[in-house]
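Listed below are the residues making up each chain.
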Number of protein chains: 2
Amino acid sequence: MPAKVSDSTIRRLSHYLRILEAMARDGGGTVSSVQLAAAAGTTAAQVRKDLSLFGSFGKRGHGYQVAELADRVREILGLGRDWRVALVGAGRIGSALFEYADFRRRGFHIVAVLDVDPAKIGERWGTLAVEDVASLEAALEREGVEVLIVTVPATEAQAIVDRAVASGVRGILNFAPTQLRTEDGVFVHDVNMVMELEALSFDLTNRIPADVGDTAD
Amino acid sequence: MPAKVSDSTIRRLSHYLRILEAMARDGGGTVSSVQLAAAAGTTAAQVRKDLSLFGSFGKRGHGYQVAELADRVREILGLGRDWRVALVGAGRIGSALFEYADFRRRGFHIVAVLDVDPAKIGERWGTLAVEDVASLEAALEREGVEVLIVTVPATEAQAIVDRAVASGVRGILNFAPTQLRTEDGVFVHDVNMVMELEALSFDLTNRIPADVGDTAD
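This structure is a prediction, so every number in the text was calculated from the model and none was measured.

1. Observations regarding the packing of aromatic side chains
Part 1: Applying the stated rule across the entire model yields 6 aromatic pairs over all chains.
Part 2: With centroids separated by 6.3 Å and ring planes inclined at 85°, the aromatic side chains of F202(A) and F54(B) adopt a geometry described as edge-to-face. In this pair, F202(A) sits in helix α9 (residues 193–206) while F54(B) sits in the loop between α3 (44–52) and β2 (64–65), so the two residues belong to two different chains.
Part 3: Given a relative accessible area of 10%, F54(B) falls into the buried group.
Part 4: Positioned over the ring face of W83(B) is R81(B), at 3.7 Å from the centre of the ring.

So, in structure tokens, the structure goes:
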């Protein structure tokens, strides 16, 4: 593992993996860095550079074996194993994520669901029962949870995360529209749906090219 | 509007806005760049720099008026108006977004829902009926849609987006785990839930600090 891998490299690896898996379903064989780059919307040099960070792949002039490269990228991303996940916030977004096949396909298994709402506590979600968030620590320990998905309101998120981190959770996928603070060695990734819509609103308001809209200075 | 505003500036503006709105609910008054920076997890210099891109705010040494600055940031982000949105993909994620109060609160109004599944077409979603995606163009025109939210499978997304762009849509919020290609002047923002989980998996596998896990070279 190289000392320094940028977040954009990781994102591209995710993207290559999706492309390689589609190619594997279509029969596999070999793929050149030029082909992989074309499918990923990047350059062949970028593909080679990203992959070379993690060792030597393929033979010069012969491209990569699709199945082998997919395996290797899965391994780099830490996807060669299952992750035990707790979901805090049994609302609509939480429910959609609970059923989200792409998460399970990637080895992320939701093993506990918790909420603060008495009307939700006890609800059956698949084979699970929604638990009271008051017993968060007990659930995390009982299930050996490694990753927390947070879909609670912004005002509640920090306190939940502080408790989970104190219980040893080191990975957070945060859907609450707030900036979480955690100690070093805890990894937070944000899914900012509202922020993306706001950025889109900014683009549409300010960035319409001169040839399609009025110019503004 | 300055010539060049980075995406991270836009993200910080979104973030400032959320903080300012919370402050306004708590009584408003004035806020210094130091206080805003502390709440946003950035520096006062960064706050001043971000805001100065859009003109002059507040009085040196007197801070900003909370309500006034919130209004101004809303205006910069293009949130001083309503956006007409079509949702393509009436699955679980789509349903969660349809009900997502934070979208409506920001002025994003879903005025059409479309799907390819005959079992879903005709379903009542609030005051809307789910429409056949075959009539996408007609729905976009009828409703004056400006923004498309895409929650269809990755393999279907590009074709949907091509049709919407041909019909004049210039803003896409993409939940499909695929890289969309569009012409200049069309703005795509991706919400990559699976990619964020994969990046988290990478972090947990490779980036555990030396003092809490085994070192790896």
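2. Side note on the side chain of H15(B)
Part 1: Looking at where H15(B) falls in the secondary structure, it is placed in helix α1 (residues 7–25).
Part 2: For H15(B), a relative accessible area of 7% puts it in the buried group.
Part 3: Not counting the four nearest positions on each side in its chain, H15(B) is found in contact with T178(A), Q179(A), M195(A), A39(B) and A40(B).

3. What about the sheet that holds strand β4 (residues 108–115) of chain B?
Residues and elements named next belong to chain B.
Part 1: Strand order in the open sheet made by the 6 strands is β7-β4-β3-β8-β9-β10, with parallel pairing throughout. The open sheet is flanked by β7 (131–132) and β10 (187–190), the only strands paired with a single partner.
Part 2: Taken together, the 6 bridges between strand β3 (residues 83–88) and β4 define a ladder with parallel strand orientation. In the sheet register, R84 faces β4, and the bridge partner there is H109.
Part 3: In the packing of helix α7 (residues 136–143) onto the sheet, the strands contacted are β3, β4, β7 and β8 (147–150), and the crossing angle to β4 comes to about 160°.

4. Looking at the sheet that holds strand β10 (residues 187–190) of chain A
Residue and element names in this part refer to chain A.
Part 1: A sheet is described by the order of its strands in space; here 6 strands give the open sequence β7-β4-β3-β8-β9-β10, paired in parallel fashion. Every other strand in the sheet has two partners, leaving β7 (131–132) and β10 as the edge strands with one partner each.
Part 2: Sitting on the sheet, helix α7 (residues 136–143) touches β3 (83–88), β4 (108–115), β7 and β8 (147–150), and the angle it makes with β4 is about 160°.

5. Quick word on the nonpolar core
Part 1: Residues F103(A), M193(A), F103(B) and M193(B) are the most contacted members of the largest nonpolar core, which totals 106 residues.
Part 2: When residues no more than four places from it in sequence are discounted, the contact partners of M193(B) are L97(A), Y100(A), F103(A), L173(A), F175(A), V191(A), I93(B) and F175(B).

6. So, the relation of the copies chain B and chain A
Two chain copies, one operation linking them: a rotation about an axis together with a shift along it.
Part 1: Take chain B, turn it by 180°, move it 0.0 Å along the axis, and it overlays chain A with an RMSD of 0.0 Å. Viewed as a symmetry operation, the transformation between the two copies matches a two-fold axis.
Part 2: Most of the interface of chain B is mirrored in chain A, where 100% of its interface residues are also at the interface.

7. A short note on the interface of chain B and chain A
Part 1: Each side of the interface is counted separately: chain B has 65 residues, and chain A has 65 residues.
Part 2: Carbon and sulfur atoms supply 66% of the area that chain B and chain A bury against each other, a total of about 6300 Å² over both sides.
Part 3: Our count for the contact surface shared by chain B and chain A stands at 6 salt bridges.
Part 4: Linking E198(B) and R18(A) is a salt bridge whose minimum nitrogen-to-oxygen distance equals 3.2 Å.
Part 5: Sorting the residues of the side of chain B that touches chain A by element identifies α1, α2 (33–40), α5 (92–98), α6 (101–105), β9 (171–174), β10 and α9 (193–206) of chain B as the ones contributing at least two each.
Part 6: When residues in the side of chain B that touches chain A are grouped by element, the largest group, 14 residues, is from α9(B).
Part 7: Residues of the side of chain B that touches chain A, tallied by class, amount to 35 nonpolar, 14 polar and 16 charged.

8. Here's the deal with the domain arrangement of chain A
Part 1: What the domain assignment reports for chain A is domain 1 (7–76) and domain 2 (83–196).
Part 2: The C-alpha-based centres of domain 1 of chain A and domain 2 of chain A are spaced at 32 Å.

9. Looking at the pattern of salt bridges
A side chain with one charge can pair with a side chain of the opposite charge if their charged atoms come near.
Part 1: Per the counting criterion, the structure on display carries 28 salt bridges over all chains.
Part 2: The partner of R106(A) in a salt bridge is E21(A), with the nearest N and O atoms 2.8 Å apart. Pair noted here: R106(A) is in the loop between α6 (101–105) and β4 and E21(A) is in helix α1 (residues 7–25), with a separation of 85 residues, a long-range link. For the pair shown, R106(A) and E21(A) are each scored as buried.
Part 3: A salt bridge links E75(B) to R72(B), with the shortest nitrogen-to-oxygen separation between them at 3.4 Å.

Rules used throughout
Residues numbered from 1 in each chain as written. Chains lettered and ligands numbered in written order. Predicted model: local features only at pLDDT ≥ 70, side-chain atom pairs only at ≥ 80, totals over all residues. Heavy atoms only, no water. Phe/Tyr/Trp six-rings, centres within 6.5 Å; stacked < 30°, edge-to-face > 60°. Helix = DSSP H or I, 4+ residues; strand = E, 2+ residues; numbered from the N terminus. Buried < 20%, exposed > 50% of the residue type's maximum accessible area, 1.4 Å probe, protein only. Lys NZ or Arg CZ within 6 Å of the ring centre and 35° of its normal. Contact = heavy atoms within 4.5 Å. Pairing = 2+ DSSP bridges. Axes fitted to C-alpha atoms, helices over the stretch in contact; angles between N-to-C directions. Core = buried A, V, L, I, M, F, W, Y, C linked by side-chain atoms within 4.5 Å. Least-squares fit on C-alpha atoms with pLDDT ≥ 70 in both. Buried area = accessible area lost by both parts, 1.4 Å probe. Salt bridge = Lys/Arg side-chain N within 4 Å of Asp/Glu carboxyl O. Nonpolar A, V, L, I, M, F, W, Y, C, P; charged D, E, K, R; others polar. Domains from an automatic or database assignment.

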